[in-house]
Amino acid sequence: MRFVIQVVTDSQVTVDGEVKGKIGKGFMVLIGIGHEDTKEIADVMVKKMLGLRIFADENGKTNLSLDKVDGQLLLISQFTLYADCRHGNRPGFTDAAGPELANDLYEYIISKCKEKVPVVEKGVFGADMKVSLTNDGPFTIVLDSKDLIK
């Protein structure tokens, strides 16, 4: 499982010109699901993401987590995080989970986040989405379950 977490001042996702999810200050997270991923892995990833202390405190130090700044979440499914670019110039996606598993885990992640974060918005699984954001910092973190779970 891979999360690309961007600290944002605002972000939104649209499908066919209609806003489907919109947040203010918080994280816009691109979520890639691999075919070996499970709910247990998702639990580890969500816990790590929500615990990241990457917002500035009163002294300008990155010391505050999402809950300490009343942050919001925009969660976007993105199978292309599993692009394999080792051979040729056209990426392969055989490491990405199939749609059924990926959507099930994506919805599970959303539900787990909603248990801890008051505002959780999402994209539309499998849709052609347009995502806009103002990256604050810029500050971007990549979490890969292979680095967190040994």
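For the structure, check the block above.
Residues numbered from 1 in each chain as written. Predicted model: local features only at pLDDT ≥ 70, side-chain atom pairs only at ≥ 80, totals over all residues. Heavy atoms only, no water.

When helices and strands are tallied, the chain shows 3 helices and 8 strands. Counting from the amino terminus, helix and strand elements in the chain follow one another as β-β-β-α-β-β-β-α-β-β-α. In terms of overall dimensions, the chain is globule-like: its C-alpha atoms have a radius of gyration of 15 Å, near the 15 Å expected for 150 residues. Seen through its principal axes, the chain has C-alpha atoms that stretch 45 × 40 × 30 Å. Within the chain, the proportion of its 150 residues that are buried is 41%. When contacts within the chain are restricted to residue pairs at least 6 apart in sequence, those whose partners lie at least 24 apart make up 72%. Distance between charge centroids for the chain: 3 Å, based on 19 positive and 22 negative side chains. (Helix = DSSP H or I, 4+ residues; strand = E, 2+ residues; numbered from the N terminus. Rg over C-alpha atoms; globule rule 2.2 N^0.38 Å. Buried < 20%, exposed > 50% of the residue type's maximum accessible area, 1.4 Å probe, protein only. Contact = heavy atoms within 4.5 Å. Lys, Arg positive; Asp, Glu negative; His and termini not counted. Charge placed at Lys NZ, Arg CZ, Asp CG, Glu CD.)

What follows deals with the pairing of strand E3 (residues 26-32). For E3, the buried fraction is high: 7 of the 7 residues fall into the buried class. Across 7 bridges, the pairing between strand E1 (residues 2-15) and E3 is antiparallel. Bridged to glutamine 6 within E3 is methionine 28. Bridge count for E3 against strand E6 (residues 72-77) is 6 bridges, and the pairing is parallel. Note on E6: the bridge partner recorded for valine 29 is leucine 75. (Pairing = 2+ DSSP bridges.)

The end-to-end C-alpha distance of helix H1 (residues 39-51), which contains 13 residues, comes to 18 Å, matching closely the 18 Å that a straight helix rising 1.5 Å per residue would cover. Every buried residue of H1 is accounted for by Ile41, Ala42, Met45, Val46, Met49 and Leu50. Down the axis of H1, the sector holding all buried residues measures 155°, keeping them to one side. Of the exposed residues in H1, those oriented more than 90 degrees away from the buried face are Glu40 and Lys47. (Expected span 1.5 Å × (residues − 1). Arc of directions from axis to C-beta.)

Read these as layout, nothing more, since geometry by itself doesn't imply function.
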